[in-house]
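Structural description and commentary
Given next are the chains, with one letter for each unit.
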Amino acid sequence: CGDVLLDGRSVIGKPGQVGYMLQKDLLLPWRSIQDNIILGARLRHVPMEDALQQARALMERYGLQGFEKRKPHELSLLTEREVLLLDEPFGALDALTRLQLQLGLTDVWQTFHKTILLVTHDVEEAIFLSDQILVLSPRPGRVRRQLTVPLTRPRTVDMLASPEVMGMKKELLELLLQEE
């Protein structure tokens, strides 16, 4: 047990005295945009209506009105671009959060029908999220194999244990472990 002092005064149990930033400057992916915005104010016990008023002003300022209930990963899918690039978007997350966001991404894809290029080192993630998988060689990177994922859409969690996924996972792992 101990204490944290700021200018000689304890800040334990006194929200709002110390700011907190995660290792990366990311929003909390499981919270809506609005809930991410009001988090700091709520931790300081700002009344909900005041926090929401502040959040609405910020969302209006940055052109986010109408997206209050969206999750952070959905915002990039709302751009006017037809192709979206995702480079290891879920790599730093725990397994359960990763799966929840993967399911969310499949739902967003179903809604917006964007072309998504996903870079991942996670074989199961590649199978679950993709229709086509390109396996690259080590440097210089070149396409070693292109595989079609035999799963229907929408994707469901029970598909992860299907014989099709297990077979494709085995094939991909063997391919990735092969020496050039």
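Note that the structure is predicted; figures quoted are calculated from it, not measured. (Residues numbered from 1 in each chain as written. Predicted model: local features only at pLDDT ≥ 70, side-chain atom pairs only at ≥ 80, totals over all residues. Heavy atoms only, no water.)

1. With respect to the overall build of the chain
Quick note on the threshold: Numbered from the N terminus, helices here are DSSP runs of H or I no shorter than four residues, and strands are runs of E no shorter than two. Think of it in three bands: with a 1.4 Å probe and only protein chains considered, a residue is buried below 20% of the maximum accessible area for its type, exposed above 50%, and partly exposed in between. Pairs of residues are marked as contacts when any of their non-hydrogen atoms sit within 4.5 Å. Accessible surface is estimated by sampling points in the Shrake-Rupley manner with a 1.4 Å probe; for residues, cover comes only from the protein chains shown.
From N to C terminus, the chain includes six helices and six strands. In the chain, the order of α-helices and β-strands from amino to carboxyl end is β-β-α-α-α-β-α-β-α-β-β-α. Counting across all 180 residues of the chain, residues that qualify as buried make up 29%. Residue pairs at least 24 apart in sequence account for 55% of intrachain contacts in the chain once pairs closer than 6 positions are excluded. Of the roughly 12600 Å² of accessible surface on the chain, 56% is carried by carbon and sulfur atoms.

2. A closer look at the pattern of salt bridges
Pairs can form between side chains of opposite charge once their charged atoms are near each other. Selection criterion: Salt bridges are defined as contacts in which a side-chain nitrogen from Lys or Arg sits within 4 Å of a carboxyl oxygen from Asp or Glu.
For the structure on display, the rule yields six salt bridges. In this structure, Lys169 and Glu124 form a salt bridge, with 3.2 Å as the shortest nitrogen-oxygen distance. With a gap of 45 residues between them, Lys169 in helix α6 (residues 163–177) and Glu124 in helix α5 (residues 123–129) connect regions that are remote in the sequence.

3. Some words on unusual backbone geometry
Cis geometry marks the peptide bond from Arg139 to Pro140; its omega dihedral reads -10°. Inspection of the secondary structure puts Pro140 in the loop between β5 (132–136) and β6 (143–148). For the peptide bond that leads from Arg153 to Pro154, omega is 5°, which places it in the cis range. Tracing the chain through its elements places Pro154 in the loop between β6 and α6. One non-glycine residue, His45, adopts positive backbone phi at about 65°.

4. Observations concerning the pairing of β6
Defined as follows: Here, strands pair whenever DSSP counts at least two bridges between them.
Relative to β6, β5 runs antiparallel, the two being bridged by five bridges. Within β6, the residue paired with Gln132 across the bridge is Thr148. Counting the residues between successive antiparallel strands, the hairpin from β5 to β6 contains six residues.

5. Quick word on the side chain of Ser130
Applied cut-off: Under this definition, polar contacts are N or O atom pairs within 3.5 Å; protein pairs additionally need one hydrogen-donor-capable and one acceptor-capable atom, and for neighbouring residues in sequence, both atoms have to be side-chain atoms.
Position of Ser130 among the secondary structure elements: in the loop between α5 and β5. Separated by 2.7 Å, the side chain of Ser130 and the backbone oxygen of Ala126 make a polar contact. When residues no more than four places from it in sequence are discounted, the contact partners of Ser130 are Val149, Arg153 and Arg155.

6. Comments concerning the packing of helix α1 (residues 33–43) against helix α2 (residues 48–61)
Which entries qualify depends on this criterion: Angles run from 0 to 180 degrees between N-to-C directions of axes, and those axes are lines fitted to C-alpha atoms, restricted for helices to the stretch in contact. Here roughly perpendicular refers to angles of 65 to 115 degrees, roughly parallel to angles under 35, roughly antiparallel to angles over 145, and oblique to all remaining angles. Helix crossings get a hand from a simple test, with the near helix turned counterclockwise from the far one by less than a right angle marking a left-handed crossing and a clockwise turn marking a right-handed one. Under the grouping applied here, Gly and all other residues not named as nonpolar or charged are polar, the nonpolar ones being Ala, Val, Leu, Ile, Met, Phe, Trp, Tyr, Cys and Pro and the charged ones Asp, Glu, Lys and Arg.
One way to put it is that α1 packs onto α2 with a least axis distance of 9 Å and a crossing angle of 130°. Comparing their axes, α2 and α1 come out oblique. The crossing of α1 and α2 is right-handed. Between α1 and α2, the residues in contact are Gln34, Ile37, Ile38, Ala41 and Arg42 and Met48, Ala51, Leu52, Gln54, Ala55, Leu58 and Met59, respectively. By residue class, the composition of the contact of α1 with α2 is nine nonpolar, two polar and one charged.

7. Things to note about α2
Residue pairs spaced three or four apart in an α-helix point in one direction, given the helix's 3.6 residues per turn. Defined as follows: Working rule for helices: expected span equals 1.5 Å times residues minus one. Relevant arc is that of directions from the helix axis to the C-beta atoms, nothing else.
Taking 1.5 Å of rise per residue, 14 residues should cover 20 Å, and α2 covers 20 Å from first to last C-alpha, within 8% of that figure. Along α2, the residues classified as buried are Ala51, Leu52, Ala55 and Met59. Viewed along the axis of α2, the buried residues span an arc of 95°, placing them on a single side of the element. Relative to its buried face, α2 has exposed residues pointing more than 90 degrees away, namely Gln53, Glu60 and Arg61. In this structure, the buried side of α2 is in contact with α1. Following α2 by one or two positions, Gly63 has its phi on the positive side, about 70°.

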